[in-house]
Amino acid sequence: MFNKEYDVIVVGAGHAGSEAAAAAANLGCSTLLITMNLQNIAQMSCNPAMGGIAKGQIVREIDALGGYSGIVSDRTAIQFKMLNKSKGPAMWSPRVQSDRMRFAEEWRLLLEQTQNLDFYQEMVSGLLVEGNQIKGVRTSLGIEVRGRTVVLTNGTFLNGLIHIGEKQFGGGRAGERAATGITEQLIDLGFDSGRMKTGTPPRVDGRSLDYSKMVEQPGDEFPEKFSYSDLSAPLTQQRSCHMTYTSSTVHDLLREGFDRSPMFNGSIKSIGPRYCPSIEDKINRFADKDRHQLFVEPEGWNTVEVYVNGFSTSLPEDIQFKALKSVTGFEKVKFFRPGYAIEYDYFPPTQLTHTLETKLVSGLFFAGQINGTTGYEEAASQGLMAGINAALKIKDKDTFVLKRNEAYIGVLIDDLITKGTEEPYRMFTSRAEYRTLLRQDNADFRLTPIAHEIGLASDERIRRMEEKEKKSKNFVQFFKDTSVSPEEANPVLEKKESSLINQSGKLFKLFSRPQITLDDIKHFEKIAAYIKDNKLDKEVLEQTEIQIKYAGYIEKEKNNADKLNRLEYIKIPKDFDYMKLKSLSYEACEKMTKIQPATISQASRISGVTPSDISVLLVYLGR
């Protein structure tokens, strides 16, 4: 095992590492997954959930590309919700509450069934580098394992430091030691590094809570699922979450510990996630609010352990306990473990190319929190892309890069390597300028053909996708070709308080009206018969409705994307000397020299690069 040279070595088995190892192995590369604890593969270190706003779209995209996150999420879900259903379909975001223990177990079982994949449990303490080429890794026991490419997915483990009040101790997460050695070597190789911070709430005993005082949060009445494959099924039963609130009393009790809080006494110097702040940060920043929501989330089907979402904290454990006892429903609460904050090393992602390969060391890839992101979904998508590109590099094939109009994953990676990040990066729908195109419902249409081309999506996957696409297109055409009479349409229009028609018109135009839903249209005999005869399922019906109702918006966004994509084809020579262009602003010269954008389009997205700077570049490049 240690005498062979692996095609791909993946360091770390969190969400990024698991997807990277699966992708590389499934593409036929001999792959080794090294992690400090094989019992914690794909551990949900923080909340037991997958998906959410924009994150759900990412999970769908991972699934469409042949990754495992969607399948695992479906198989281990205890609740499903489609968020933002009151808004347009570009905002709809699937989310599942997960069984934490089963999630990790299912991931491990899937990986163990993956051909070409070996496992080894030990800490990687260094890299084998010759010149600017990666050659493998060195473990803490001194074992050297040769590899043609290496993917680092170290999560929060690089020099991890845990904070609970005034107490500090090394660790990658509670109960697990930190990883040392890699940061120092990368800095010696010329990499820039930084520190980031994240946190987690207390876990409590559900038997000690009074749910009758809380607001029940059930799952959807008709739950869906993440995966487009037939390898998982929607839930037939679900567990409810609950909601309660903090109060001014709780806030006053929390403030008693501020003098011992690492957030405020200078112990924590790094920046935490803006959109997932600790409870002490919330009551400090939003002093005018006398309460904050807390979501009480079960950790699984059978366990009594409960996750207190919204109460992330690094305050002293006695303060945490005293304050939480004053929350409605938590009067008799018992702790499983207190919340804590963790600081860890990351490497500014502007040091990477779009494939997530480092610019300084050929064959070395970074994925996940090492790049400054936060969240399982963001990490998993990077792992998938790094694993794919490591495998393609081995096979001497073209790189695999998703554009901003093709996937949220493309937006995520482009944001990271073009703009960098100084705080934990989280994906939102607002970050995507083409979110009408990047919906959760059409990820398979967008990405499965590409995945099939590179060898990750099976023939069955592409067959299912093409059949769904064909049925949807045919149904849209049926709406365009079929007329409806006033006698049939007006009763529905009157009921919906929509303008009546006085002559027959096409169903497409009628259905385009915002007040008219698919349930209304189903009452027309022609539609009902077509649905029955062609055996159209919920996915096809939903897809058809979106294609008709949002046709104008979709077409407009496609045109905008096409215009900007023309700049993607204007390449900038490697190691281009920007300083020789006297008309460029100094800031543009400095930032483009550092980032070395591959195309004019990427250069235009760099913070501080102006339209006039782009014009100068275009003139110089003969455009």
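Residues numbered from 1 in each chain as written. Predicted model: local features only at pLDDT ≥ 70, side-chain atom pairs only at ≥ 80, totals over all residues. Heavy atoms only, no water.

Novice: Go over the pattern of salt bridges with me, naming the residues and quoting the values.
Specialist: Following the criterion strictly, the structure yields 41 salt bridges and no others. Put simply, Glu-377 and Lys-55 hold a salt bridge, and the shortest N to O gap is 3.3 Å. Remark: Lys-55 occurs in helix H2 (residues 55–64) and Glu-377 occurs in helix H9 (residues 376–394); sequence separation between them is 322 residues. The same class applies to Glu-377 as to Lys-55, namely buried. With a closest N to O distance of 3.3 Å, Glu-297 and Arg-95 form a salt bridge. Of this pair, Glu-297 sits in strand E16 (residues 293–298) while Arg-95 sits in strand E5 (residues 93–98), placing them 202 residues apart in sequence. With respect to burial, Glu-297 and Arg-95 carry one shared label: buried. Bridged by salt links that share partners, the residues Arg-404, Asp-414, Asp-415, Lys-419, Glu-433, Glu-568 and Arg-605 form one connected network. (Salt bridge = Lys/Arg side-chain N within 4 Å of Asp/Glu carboxyl O. Helix = DSSP H or I, 4+ residues; strand = E, 2+ residues; numbered from the N terminus. Buried < 20%, exposed > 50% of the residue type's maximum accessible area, 1.4 Å probe, protein only.)

Novice: I'd like a rundown of the packing of H2 against H9, residues and numbers included.
Specialist: Put simply, H2 and H9 touch, their axes get as near as 9 Å, and they point 30 degrees apart. Put simply, H2 runs roughly parallel to H9. For the crossing formed where H2 meets H9, the hand is left-handed. Counted together, Lys-55, Ile-58, Val-59 and Ile-62 of H2 and Glu-377, Glu-378, Ala-380, Ser-381 and Leu-384 of H9 form the full contact between these two elements. (Axes fitted to C-alpha atoms, helices over the stretch in contact; angles between N-to-C directions. Parallel < 35°, antiparallel > 145°, perpendicular 65-115°, else oblique. Left-handed = near helix turned anticlockwise from the far one by under 90°. Contact = heavy atoms within 4.5 Å.)

Novice: Run through the sheet that holds strand E4 (residues 77–83), naming residues and quoting values.
Specialist: An order of E3-E5-E4 is seen for the three strands of this open sheet, with the pairing classed as antiparallel. This sheet does not close on itself; its edge strands, each paired only once, are strand E3 (49–51) and E4. This sheet shows a mean twist of 15 degrees between the axes of neighbouring strands, independent of strand direction. Taken together, the six bridges between E4 and E5 define a ladder with antiparallel strand orientation. If you follow Leu-83 over to E5, its bridge partner there is Ser-93. (Pairing = 2+ DSSP bridges.)

Novice: Explain the sheet that holds strand E10 (residues 161–164) residue by residue, including any values.
Specialist: Strand order in the open sheet formed by four strands is E11-E10-E19-E12, with antiparallel pairing between adjacent strands. Looking at the sheet topology across the chains shown, the edges are occupied by strand E11 (167–170) and strand E12 (194–200). Here the average twist between neighbouring strands, direction ignored, is 25 degrees. Across three bridges, the pairing between E10 and strand E19 (residues 340–346) is antiparallel. Residue pairing for E19: Ile-162 is matched across the bridge by Ile-342.

Novice: Describe the nonpolar core, listing the residues and the values that go with them.
Specialist: Counting residues in hydrophobic clusters, the biggest one holds 105 residues, and the most contacted among them are Leu-152 and Leu-364. With eleven residues, the single largest contributor to this core is H9. By size, the runner-up hydrophobic cluster in this structure holds 23 residues, among which are Phe-475, Leu-518, Leu-536 and Ile-548. (Core = buried A, V, L, I, M, F, W, Y, C linked by side-chain atoms within 4.5 Å.)

Novice: I'd like to hear about the environment of Glu-539, residue by residue, with values.
Specialist: If you trace the backbone, Glu-539 turns up in helix H17 (residues 538–549). Once the C-alpha coordinates of Glu-539 and Pro-202 are considered, the two residues, 337 residues apart in sequence, prove to be 39 Å apart. When near neighbours in sequence (up to four residues on either side) are disregarded, Glu-539 contacts Tyr-228 and Lys-468. Within polar-contact distance, the side chain of Glu-539 engages the side chain of Lys-468 at 3.0 Å. (Polar contact = N/O pair within 3.5 Å; in protein donor to acceptor, adjacent residues only side chain to side chain.)

Novice: Provide a residue-level description of unusual backbone geometry, including the pertinent values.
Specialist: A positive phi is found at Lys-535, a non-glycine position, where the angle reads about 50 degrees. Along the chain, Lys-535 falls in the loop between helix H16 (525–533) and H17. Positive phi, close to 50 degrees, is recorded for Gln-596, a residue that is not glycine. When its relative accessible area of 26% is taken as the criterion, Gln-596 is described as partly exposed.

Novice: Kindly report on the packing of helix H12 (residues 459–481) against H16, identifying the contributing residues and their values.
Specialist: In contact at an axis separation of 12 Å, H12 and H16 are set at 160 degrees when each is read in the N-to-C sense. Relative to H16, H12 is oriented roughly antiparallel. Regarding H12 and H16, the two cross each other, and that crossing is right-handed. Only Lys-526, Ile-527, Tyr-530 and Ile-531 of H16 make contact with H12, whose side of the interface consists of Asn-474, Phe-475, Phe-478 and Phe-479.

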